[in-house]
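Overview (structure and organization)
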Amino acid sequence: MPESQQKGEKSYRGIPVSAGVCRGKILVLGRPRPSVTERQLLPSDLAEEVNRLEKALVQTRQQILEVQRKVSEGMGAQEAGIFDAHLLVLEDRTLLDEVVRVIQEKKVNAEHAWHSVAERYAATLSAIEDEYLRERAADMRDVTTRVLNNLLGVEEAAELRHLKEPCIIVSHALTPSTTAQLDKRKVLGFVTDVGSRTSHTAIMARSLRIPAIVGLKDASAQLESGQYALLDGLNGVLVVNPTDQTLFEYGQLILRQANLQQRLHDLLHEPAVTLDGHRVLLNANIEQAADSEQVKANGADGVGLFRTEYLFLNREHLPGEEQQYEDYRAAAAALKPLPVVIRTLDLGGDKFLAHMQLPTELNPFLGWRAIRISLQERDIFRAQLRAILRASAEGNIRMMYPMISGLEELKQANALLEEYKAELRNENIPFDEHLEVGAMIETPSAAMVADALAKRVKFFSIGTNDLIQYSLAVDRMNEKIAHLYEPTHPAIVRLIKTTVDAAHRQKVRVTVCGEMAGDPVLAPLLLGLDVDELSAAPSLVPSLKFLIRRLKLSEAHELAAFALDCESASEILGRCQELTHTIAPTLFEST
Ligand code: PEP
Ligand code: MG
C-alpha cells in the first residue's frame, strides 16, 4: 500500500468503515449545530413558547418520517429502521416534560430549554463506556439539531444539498440524517474525525457503498476545502496532495481489486471444492437475524455461529423468550434449508450488560462468563433455550454452548435442555426433536477432554479466538502482548489436531469459527488438520472459496504434517504463506 513520504503529500490514518478507493476535491463541512442564546420571557409568553416547541416537535417528526421514507426506498428497510431511534427521542416523555418544566420554571425560550436538557441527556450517554450507547448520543444530538433548526427556522444541511461538483466530504461528525441526504452522484466518499465501526453512519456508508473512514481525530480542523485527496476506505488512509507515484500505485490497486471482486463474484453460486474433489462447507458468522442477507449475498453454506449476545447488549431490558424466538425464527426462515448454528449466550469477558449487574472481576475472561452465567442464571437460560427450541420448528437450527471447560458443564446444560424440551412437549409446542447440539472448544481443558465431550454432542466448533488466548495465556484484548497471540503456535496446531481426532473417532463433525478460519493464509492449515467446516464473517467467505478452489487437500495435509512436527510458530506461518501465495497470488495482491 502506498505510504506518504514525498513532498507535499500527507496521509491521515483512521478506522476503515466502508471499502473502496476514490479521489477528488475535499469539501470540509462546518459544524452543523446552530448557536443558541438564552432569552428571558414574560409569564404571559410561556404558553406560546410551549406551543412553539410542540410545533417544532411535530415538524421534526414529519421531517424524520420523510427522510425515513426516502432511505427505505433508496437503501432498504433495515437502514430506514435507524430513524426509529430518532422518532423515539421525540416521544420520550421524561425528556419532553423536563423541557416544558424548564421553559415554565426558568421562564426561558424553547431553544435554550430544549438545548440544555437534550444536551445533558446526550452528554450522559456519551460518557458511558459502551460504544453502542455513545452512538445513541449521536442519534440524540442529530434529533436535537433538527428540533433547534425548526425552532430557529434554519434550513439544515444546505451545503450538502447544493454540492456543485463531486467531492470527498470531511466533517467532524456526520449524523445519520445528513448521511441519508448525501447525493451519491456528488459524494465520492467521506471521512470524519469521530465515529466507530458500529456507528450508524458507518453502517449507512457501507450500504451506500461510499468509501468512508472514521476516527481521523482532528483531520477536519487540519484540512481545507478544495485540497485534492485520495481516500482508501479499505485501509483507512486519506492521502492529501497525492504524488503521481501514489496515484499510479492506487490506480493499479483499484484495477486489481475490481478484477478480484469480479472473479469472486463469479464463484458466488459455486461450491467450495478443492482441486482434488474435497467439499468444504463454508459458513458465516452473524450477530442478528438481519445479517442473513449477507450470508446469502456472499454465497455461504449456512450460519456457523450466531452470536446471540448482541441481542442482549444494547438494550435496556433483557430480551424475553418471545423476542428471542422472533429473531432466531427470522434467521432460520430466511436461510431455510441452510443450517443456522445458534450459540447460547456468551456474556462476560469483554461483553457486559448495562442493565445486568455483573460483578467487577479481576480477570473477567477467566471469570463469570458464557455457559457459566447461563448455568447459574436459570431464567435467562430457560428463556433462551425455549426460544431456540421453538424456532427449530421453523428452519434448520442447531445449537451450541460457548466456553465449555469440562464435561460437567456440558452434562448440566444438556440436562436442562431436556427439561425444557419436556416442558414444550407438555405445552404441545412444536420443536425439532432432532435438534443437533454442539460444544464450543475454546479452552485447553475442553480440547484435552474432547473424547468425553464428543460422546455427548453432534458437533464441535473450535473458537480459536479464545482457545489461543487461554492456551497461550495471552489476553486477546491487550495490544502490548499482541505479538504473542500466535494462531500458528505449535501448541495451537496440536490442540486443534487433538480435538479433531477425538471428534472424528466418535463421528462428530468439527468447525472452526474463530477469526483464524476467516484468514485465507491459515485456512489450508485447518483443512489439513482435518477440520470439516469453516465459519467466518460473511464478507470473508468469497475469498476463502476462491482459495479452496485452488487448493489440493493433499497439499493441505502436507502443510499440516509439517506444522505438527514443527517447533516454531513463525516457521509454520511462513509455510502457510508460501502455499497460499503460490496457489492464489491474486488474493494477496489487492491490499
Ligand atoms: C472464539 O472464541 O473463537 C469465538 C468464535 O467466540 P467469540 O469470538 O465470540 O468469543
Ligand atoms: Mg469465544
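Computed from a predicted model, the values in this text were never measured in an experiment. (Residues numbered from 1 in each chain as written. Chains lettered and ligands numbered in written order. Predicted model: local features only at pLDDT ≥ 70, side-chain atom pairs only at ≥ 80, totals over all residues. Heavy atoms only, no water.)

Before going further, it helps to spend a moment on the coordination of the magnesium ion (ligand 2). Donor atoms from the polypeptide that bind the magnesium ion (ligand 2) are Glu442 (OE) and Asp466 (OD), placed at 2.0 Å. Taken together, the residues Glu442 in the loop between β13 (436–441) and α18 (444–448) and Asp466 in helix α20 (residues 464–472) connect sequence positions 24 residues apart. Looking at Glu442, the relative accessible area reads 2%, which means it is buried. Judged by its relative accessible area of 2%, Asp466 is buried. (Donors = N, O, S within 2.8 Å, 3.2 Å for Na, K, Ca; no water. Helix = DSSP H or I, 4+ residues; strand = E, 2+ residues; numbered from the N terminus. Buried < 20%, exposed > 50% of the residue type's maximum accessible area, 1.4 Å probe, protein only.)

This next bit is on the sheet that holds strand β1 (residues 10–13). One open sheet holds the 8 strands; their spatial order is β1-β8-β7-β3-β4-β5-β6-β2, and the pairing between them is mixed. Pairing within the sheet leaves two strands with one partner each, and these edge strands are β1 and β2 (15–18). The mean angle between the axes of side-by-side strands here comes to 30°, regardless of whether they run parallel or antiparallel. Bridging between β1 and strand β8 (residues 237–240) involves 4 bridges; their strand directions are antiparallel. The residue bridging Lys10 from the neighbouring strand is Val240, located in β8. (Pairing = 2+ DSSP bridges. Axes fitted to C-alpha atoms, helices over the stretch in contact; angles between N-to-C directions.)

Glancing now at the site of ligand 1. With respect to spatial proximity, 15 residues lie near ligand 1, and among them Arg307, Arg343, Glu442, Asn465 and Arg476 are the closest. Here an oxygen atom of ligand 1 sits 3.1 Å away from a polar atom, N or O, in the main chain of Thr464. Between ligand 1 and the protein, one listed contact pairs an oxygen atom with a side-chain N or O atom of Asp466 at 3.0 Å. Computed on the free molecule, ligand 1 has an accessible area of 290 Å², of which 98% lies beneath the protein chains in the complex. Going through the elements one at a time, β10 (303–307) and α20 are the ones with two or more residues in the shell around ligand 1. For the shell around ligand 1, the residue count by class is 3 nonpolar, 4 polar and 8 charged. (Near = heavy atom within 4 Å. Polar contact = N/O pair within 3.5 Å; in protein donor to acceptor, adjacent residues only side chain to side chain. Areas by Shrake-Rupley, 256 points an atom, 1.4 Å probe, with all protein chains shown as cover. Nonpolar A, V, L, I, M, F, W, Y, C, P; charged D, E, K, R; others polar.)

Successive side chains on a regular strand alternate, one facing one side of the sheet and the next facing the other. The alternating pattern of strand β16 (residues 533–536) places Glu533 and Ser535 and Leu534 and Ala536 on opposite faces, both of which are buried. Of the strand pairs in this sheet, strand β9 (residues 281–286) and β16 are connected by 4 bridges, and their pairing is parallel. Note on β16: the bridge partner recorded for Ala284 is Ala536. Here strand β15 (residues 509–512) pairs with β16 via 2 bridges, running parallel. Following the sheet pairing, Thr511 is matched in β16 by Glu533. Remark: the β15/helix α22 (residues 523–528)/β16 crossover connection has right-handed handedness. (Right-handed = clockwise from strand over helix to strand, strands pointing away.)

Where helix α4 (residues 93–106) meets helix α5 (residues 110–127), the closest approach of the two axes is 9 Å, and the angle between their N-to-C directions is 140°. It follows from the interaxial angle that α4 and α5 lie oblique. Every pair of crossing elements has a handedness; the one defined by α4 and α5 is right-handed. Along the contact surface, α4 presents Thr94, Leu95, Leu96, Glu98, Val99, Val102 and Ile103, while α5 presents Ala110, Ala113, Trp114, Val117, Ala118, Arg120 and Tyr121. Each residue belonging to the contact of α4 with α5 can be placed in one class, and the counts come to 11 nonpolar, 1 polar and 2 charged. (Parallel < 35°, antiparallel > 145°, perpendicular 65-115°, else oblique. Left-handed = near helix turned anticlockwise from the far one by under 90°. Contact = heavy atoms within 4.5 Å.)

Attention shifts here to the confidence of the model for the chain. For the chain, mean pLDDT is 89; residues scoring 70 or higher make up 91% of the total. Under a pLDDT of 50 for its full length, residues 1–6 has, in the predicted model, 17 contacts with residues more than four places off or in other chains. (pLDDT = per-residue confidence, 0-100.)

Ranked by internal contacts, the top residues of the largest apolar core, which has 103 residues, are Tyr328, Tyr401, Phe460, Ile496, Leu525 and Leu534. Setting aside residues up to four positions removed in sequence, Leu534 forms contacts with Leu281, Leu282, Asn283, Thr511, Val512, Ala517, Ala523, Leu526, Leu527 and Ile548. Judged by nonpolar contacts, the second largest core, of 34 residues, contains Ala56, Val67, Val89 and Val108. (Core = buried A, V, L, I, M, F, W, Y, C linked by side-chain atoms within 4.5 Å.)

Below, the discussion takes up the environment of Leu311. Looking at the secondary structure, you find Leu311 in helix α13 (residues 309–312). On the basis of relative accessibility, which here comes to 8%, the residue Leu311 falls in the buried class. Once residues lying within four places of it in the same chain are set aside, the contact partners of Leu311 are Pro319, Gln324, Asp327 and Tyr328.

Next up on the list: the pattern of salt bridges. In the structure shown here, the tally under the stated rule is 30 salt bridges. With a closest N to O distance of 2.8 Å, Arg52 and Glu111 form a salt bridge. One end of the pair, Arg52, is in helix α1 (residues 46–74); the other, Glu111, is in helix α5, with 59 residues separating them in the sequence. You can call Arg52 partly exposed: its relative accessible area is 24%. The residue Arg425 makes a salt bridge to Glu433 at a minimum N-O spacing of 2.9 Å. By sharing partners, the salt bridges in this structure join Glu321, Glu322, Arg382, Arg386, Arg390, Glu423 and Glu427 into a single network. (Salt bridge = Lys/Arg side-chain N within 4 Å of Asp/Glu carboxyl O.)

What follows is about unusual backbone geometry. A cis amide bond links Lys336 with the next residue in sequence, Pro337, at an omega value of 5°. Relative to the helices and strands, Pro337 resides in the loop between α14 (321–335) and β11 (340–343). We note that Asn241 has phi near 50°; this positive angle belongs to a residue other than glycine. Here Asn241 shows up in the loop between β8 and α11 (244–266). Positioned with a positive phi, Asn428 is a non-glycine residue whose angle comes to about 55°. Summarising the element assignment, Asn428 is placed in the loop between α17 (407–426) and β13.

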